[in-house]
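Residues per chain, in single letters:
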Amino acid sequence: MKKIFTLGKIGENSVNEDAALLTDEVLAVSDGAGGGGLYADKWSRYLLDKLPKSPLTSADDLDNWIDGIWQPFYDECETAAKQQGGLTLQKFYDEGSFATLSAVWKVSDTQYKWLTYGDSVVFHYNKKTDVLEYSISGLVEFNNPPYLINFLDKIKPDGVKTGSFEISSDSVLIVASDALSHYILMMYMLAHNDLYADELNRALSLATKNSNYIRAAQSLPKFDFYTDVIKKFFLSDYNLTRHLTRLYKDGLIALDDYSVVVNG
């Protein structure tokens, strides 16, 4: 089964700044960050449209790829900014455009390679072993400002994470933007509380907004991670929208653009 889904902020008439990609070779999400700069929605889409078919495996790979693709985007957006007027153009010149990138590439029938920059996360879940692998260091990392790709800046090597997944017929690959990624990882850790009690307590002790989602999830009745979390992503767009709306209203996920790509 495969699924690609992206949804703008629930209840807000705002631009969805996320982009998602699903092909036979690649699963990817780019989360456009509209807190600074301009054209975040266009930048996230552009990055995925230009994503190479073979893996990016290092900070140099990522930097060189950005260097090779950014100019046409810049030229098009510069023209649009000029039409908007001086302040818009100056903001574009000063700040550029921001987005995360998380992608996983198929390199053989049993291996995928991944790269992330920012807090969109790549997951590998094995239904048989009930093991979840993930590209982020843990729940606490979601509290940090994400690394963001901007054509004005060099890639920061510290922000580049790479790795590979060995897959089987029991594998599910997932790429998700940050709010959904926090939810997935939180629910997995709560389903395996004996293994992750220390990490959950550390995240709770920081008293951030993310702590509130963990606290709300702790009050849920017993659940099965695969059935109640992963399988929900294969719902129809209509029912998945309803499901995410319910999660938001129940205080389990942040208000954000939601994007997820699943293969499994």
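What counts, and at which threshold
Residues numbered from 1 in each chain as written. Predicted model: local features only at pLDDT ≥ 70, side-chain atom pairs only at ≥ 80, totals over all residues. Heavy atoms only, no water. Helix = DSSP H or I, 4+ residues; strand = E, 2+ residues; numbered from the N terminus. Buried < 20%, exposed > 50% of the residue type's maximum accessible area, 1.4 Å probe, protein only. Expected span 1.5 Å × (residues − 1). Contact = heavy atoms within 4.5 Å. Pairing = 2+ DSSP bridges. Axes fitted to C-alpha atoms, helices over the stretch in contact; angles between N-to-C directions. Parallel < 35°, antiparallel > 145°, perpendicular 65-115°, else oblique. Left-handed = near helix turned anticlockwise from the far one by under 90°. Nonpolar A, V, L, I, M, F, W, Y, C, P; charged D, E, K, R; others polar. 1 Å grid on protein atoms, 1.4 Å probe; cavity = no way out; pocket = protein on both sides within 12 Å on 5 of 7 lines; lining within 4 Å. Points joined across faces, edges and corners; volume = space filled by probe spheres on them.

Peer 1: Provide a residue-level description of unusual backbone geometry, including the pertinent values.
Peer 2: The phi torsion of most residues other than glycine is negative, and most of the peptide bonds are trans. The phi torsion at Asp130 lies on the positive side, around 60 degrees, for a residue other than glycine. Relative to the assigned elements, Asp130 resides in the loop between strand E6 (121–126) and strand E7 (131–134). Assessed through its relative accessible area of 28%, Asp130 is described here as partly exposed. Of note in this structure, Ala207 is not a glycine but carries a positive phi near 55 degrees. Within the element layout of this structure, Ala207 appears in the loop between helix H5 (193–205) and helix H6 (209–218). Among the residues examined, Ala207 registers a relative accessible area of 65% and is labelled exposed.

Peer 1: Lay out helix H8 (residues 237–249) in plain terms, naming residues and giving numbers.
Peer 2: Its 13 residues give H8 an end-to-end C-alpha distance of 18 Å, which sits within 8% of 18 Å, the value for a rise of 1.5 Å per residue. Among the residues making up H8, those that are buried are Leu240, His243, Leu244, Thr245 and Leu247. Close packing links the buried residues of H8 with strand E1 (2–7), helix H4 (178–191) and strand E10 (258–263). A positive phi of about 75 degrees marks Gly251, the residue just after H8.

Peer 1: Describe in detail the pairing of E1, supporting the description with residues and values.
Peer 2: Burial along E1 is one-sided: the face carrying Lys3, Phe5 and Leu7 is buried and the face carrying Lys2, Ile4 and Thr6 is not. Inspection of the sheet shows E1 paired to E10 by 6 bridges, in the antiparallel sense. Its bridge partner being in E10, Phe5 is matched across the sheet by Val260.

Peer 1: Talk me through the side chain of Thr116; I want residue IDs and the actual numbers.
Peer 2: Here Thr116 is to be found in strand E5 (residues 111–117). Among all residues touching Thr116, those that are not within four sequence positions of it are Leu101, Ser102, Val122, Ser135, Gly159, Val160 and Lys161.

Peer 1: Outline the sheet that holds strand E8 (residues 160–166), supporting the account with residue identities and numerical values.
Peer 2: As summarised here, the arrangement of the 5 strands in space is E2-E3-E4-E5-E8, forming an open sheet in which the pairing is antiparallel. Strands at the two margins of the open sheet, each flanked by one partner only, are strand E2 (18–22) and E8. Neighbour-to-neighbour, the strand axes of the sheet open up by a mean angle of 10 degrees, direction not taken into account. Summarising the sheet, strand E4 (residues 101–108) and E5 pair through 7 bridges and their orientation is antiparallel. Bridge assignment links Lys106 to a residue of E5, and that residue is Tyr112. Packed onto the sheet, helix H1 (residues 40–49) meets E2, strand E3 (26–31) and E4 and runs at close to 15 degrees relative to E2.

Peer 1: Go over the packing of H4 against H6, please, and point to the residues and values.
Peer 2: The geometry of H4 relative to H6 is characterised by a closest axis approach of 10 Å and an angle of 45 degrees between their N-to-C directions. Classified by the angle their axes make, H4 and H6 are oblique. Handedness of the crossing formed by H4 with H6: right-handed. Facing His182, Met186, Met187 and Leu190 of H4, the residues of H6 in contact are Asn210, Tyr213, Ile214, Ala217 and Gln218. Broken down by class, the residue content of the contact of H4 with H6 amounts to 6 nonpolar, 3 polar and no charged.

Peer 1: Describe the layout of surface pockets, listing the residues and the values that go with them.
Peer 2: When its volume is computed, the largest pocket comes out at roughly 450 Å³. Around the largest pocket, the lining comprises 27 residues; the ones closest to its centre are Asp119, Asp178, Ala179, Lys209 and Asp256. Mapped onto the lining of the largest pocket, the elements with two or more residues apiece are H4 and H6. For the lining of the largest pocket, the per-class residue count stands at 10 nonpolar, 9 polar and 8 charged.

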